[in-house]
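One letter stands for each residue in the lines below.
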Amino acid sequence: MAIRIFCRDLCAERGEPASGLGPSSKSYVLLHWPRGDWRVPRIKSHNMPEGLGQAILAANAAGIHVALVDGDDIGFTHQGIVRDHVTPEEAKQLLLHVAGGGVLDGRHDPRMTIVCCTDGKQDPCCARYGFATWKALRQAADPSRFRILQSTHLGGCRFAASLVVLPQRARYSRLEPSQVGDFLNCLEQGIAYLPAYRGSPSYDAPAQTAEIALLEWARQRGIAGEMTLHKTDTESETSSPEQVLFHATIGTQRATVTVERPEFVVNTRCVTIDEPQGTKNVSRWVATSVLAEH
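Please read all numbers here as calculations on a predicted model, not as lab measurements.

Participant: Teacher, can you tell me more about helix α5 (residues 180–189) here?
Facilitator: Structurally, the α-helix is built with 3.6 residues per turn, so residues lying three or four positions apart point the same way. Among all positions of α5, only Val180, Phe183, Leu184, Cys186 and Leu187 are buried. On an axial view of α5, the arc spanned by its buried residues comes to 160 degrees, and they lie on one face. On its buried face, α5 sits against β6 (112–117), α4 (124–140), β7 (146–151), β8 (163–166) and β9 (170–172).

Participant: Please clarify how the side chain of Thr272 should be interpreted in this entry.
Facilitator: One can find Thr272 in the loop between β13 (263–266) and β14 (280–283). At 2.6 Å, the side chain of Thr272 forms a polar contact with the backbone oxygen of Arg269. Those residues in contact with Thr272 that lie beyond four places of it in its chain are Asn267 and Gly278.

Participant: For this particular structure, what's the right way to read the pairing of strand β12 (residues 253–260)?
Facilitator: On any regular strand, side chains alternate: one points to one face of the sheet, the next to the other face. Across 8 bridges, strand β11 (residues 243–250) lies against β12 in antiparallel orientation. Across the sheet, the residue bridging to Leu245 is Thr258, located in β12. Connecting the antiparallel pair β11 and β12 is a turn made up of 2 residues, with Gly251 showing a positive phi of about 65 degrees. Of the strand pairs in this sheet, β12 and strand β15 (residues 286–293) are connected by 7 bridges, and their pairing is antiparallel. The residue bridging Arg254 from the neighbouring strand is Glu293, located in β15.

Participant: Is there a simple way to think about the sheet that holds β9 in this case?
Facilitator: Each strand in a sheet pairs with its neighbour through backbone hydrogen bonds, running either in the same direction (parallel) or in the opposite one (antiparallel). In spatial order, the strands read β5-β4-β3-β1-β2-β7-β6-β8-β9; together these 9 strands make up an open sheet with mixed pairing. Here the strands that pair on one side only, and so sit at the sheet edges, are β5 (107–108) and β9. Strand direction decides the pairing type here: strand β2 (residues 64–70) and β7, joined by 2 bridges, are antiparallel. Within β7, the position partnered with Asp70 by the bridge is Gln150. The strands touched by helix α2 (residues 50–61) within the sheet are β1 (27–32) and β2, with β2 carrying the most contacts at an inclination of about 135 degrees. Contacting β6, β7, β8 and β9, α5 runs over the sheet at an angle of about 145 degrees to β6.

Participant: Explain the side chain of Asp72 here, please?
Facilitator: On the secondary structure map, Asp72 appears in the loop between β2 and β3 (76–78). Side chain to side chain, Asp72 and Arg147 meet in a polar contact 2.7 Å long. With near-sequence residues (within four places) excluded, Asp72 lies in contact with His32, Arg147 and Leu149.

Participant: Teacher, can you tell me more about the pattern of salt bridges here?
Facilitator: Pairing of side chains with opposite charge becomes possible as their charged atoms draw close. Counted by the stated rule, this structure contains 11 salt bridges. Between Arg107 and Asp84 there is a salt bridge; the shortest N-O distance is 2.6 Å. Here Arg107 is found in strand β5, whereas its partner Asp84 is found in the loop between β4 (81–83) and α3 (88–99), with 23 residues between them in sequence. Accessibility expressed as a relative area gives 39% for Arg107, which makes it partly exposed. Overall, Asp84 belongs to the partly exposed group, its relative accessible area being 33%. Several salt bridges converge on common partners, so that one network encompasses Arg8, Asp9 and Glu176.

Participant: Looking at this structure, I do not really get the environment of Phe6. What am I missing?
Facilitator: Looking at the secondary structure, you find Phe6 in the segment before α1 (7–13). With 86 residues separating them along the chain, Phe6 and Lys92 place their C-alpha atoms 36 Å apart. If we skip the residues at most four places from it in the chain, Phe6 touches Pro124, Cys125, Arg128, Tyr129, Cys270 and Ile273.

Participant: Just to check I follow, could you spell out the packing of aromatic side chains for this structure?
Facilitator: Aromatic ring pairs are defined here through the distance separating the ring centres and the angle between the ring planes. Taken as a whole, this structure holds 5 aromatic pairs when the rule is applied. Aromatic pair Tyr172 and Phe183: ring centres 5.0 Å apart, planes at 80 degrees, arrangement edge-to-face. Of the two residues, Tyr172 is situated in strand β9 and Phe183 in helix α5; the sequence distance between them amounts to 11 residues. The pair Tyr172 / Phe183 is uniform in exposure class, with both members buried. Site record: aromatic cluster; members linked through ring pairs are Tyr172, Phe183, Tyr193 and Tyr197.

Cut-offs and rules
- Residues numbered from 1 in each chain as written.
- Predicted model: local features only at pLDDT ≥ 70, side-chain atom pairs only at ≥ 80, totals over all residues.
- Heavy atoms only, no water.
- Buried < 20%, exposed > 50% of the residue type's maximum accessible area, 1.4 Å probe, protein only.
- Helix = DSSP H or I, 4+ residues; strand = E, 2+ residues; numbered from the N terminus.
- Arc of directions from axis to C-beta.
- Contact = heavy atoms within 4.5 Å.
- Polar contact = N/O pair within 3.5 Å; in protein donor to acceptor, adjacent residues only side chain to side chain.
- Pairing = 2+ DSSP bridges.
- Axes fitted to C-alpha atoms, helices over the stretch in contact; angles between N-to-C directions.
- Salt bridge = Lys/Arg side-chain N within 4 Å of Asp/Glu carboxyl O.
- Phe/Tyr/Trp six-rings, centres within 6.5 Å; stacked < 30°, edge-to-face > 60°.

Below you can see the structure in the form of structure tokens.
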């Protein structure tokens, strides 16, 4: 039997980083829909009325990511407020309400929510890697502190397992089942789990890359504290479209972080692996140095 090749493994072997890929939607709606009924696109999922599909598109246009989720029976969630039971018509009206800037009325759920893509209909990597990590999370997480959900496509199938942590809107990639314990411990401490972290959603791509490099550098040296990043003047001789310098502080330590943007060869999905022109070149920010300032 031939060994199955996955785009996730190919891109990891080629060294494509996930740092700098942390941009996140302004908010997330989690709509309960049984996993067996998911389809691509999600608005064509089994038993989904056309009106609800159109409301999902309206929410997307307003900057809200609507994920179909499974893992519990809570019907509708937005900004930590839940409705335990909603009909498709009620879900449609709620989506239009929040898309228009409205606030969901319901019960507050204080738990941290971890959404893990397991959408095998989108890409085999999400089924193979996402589902294994989701199961490990379900087994390890305290249900009184964490809500663990599997979801439709979150973006970047080749980075499976792909996750979003709410309410922080922090994105993580390539999280292995063996890393789940350390991942949960970091979240409980309010710190990022750096081996799988994509970067703060409040930063742009180069700043996210600099943030991760600075945090890794600081943790290796036992340095902790508040962090700031300031991009150098792009008109100076030390910056270019392919290289950016940041002046940073973490705690009382100052440092300079340099990030550059090389190209990587990638397969964006498994379906491209056997295509004659299935690969493409993408630019990704990587940190090349972190230097202490005295």
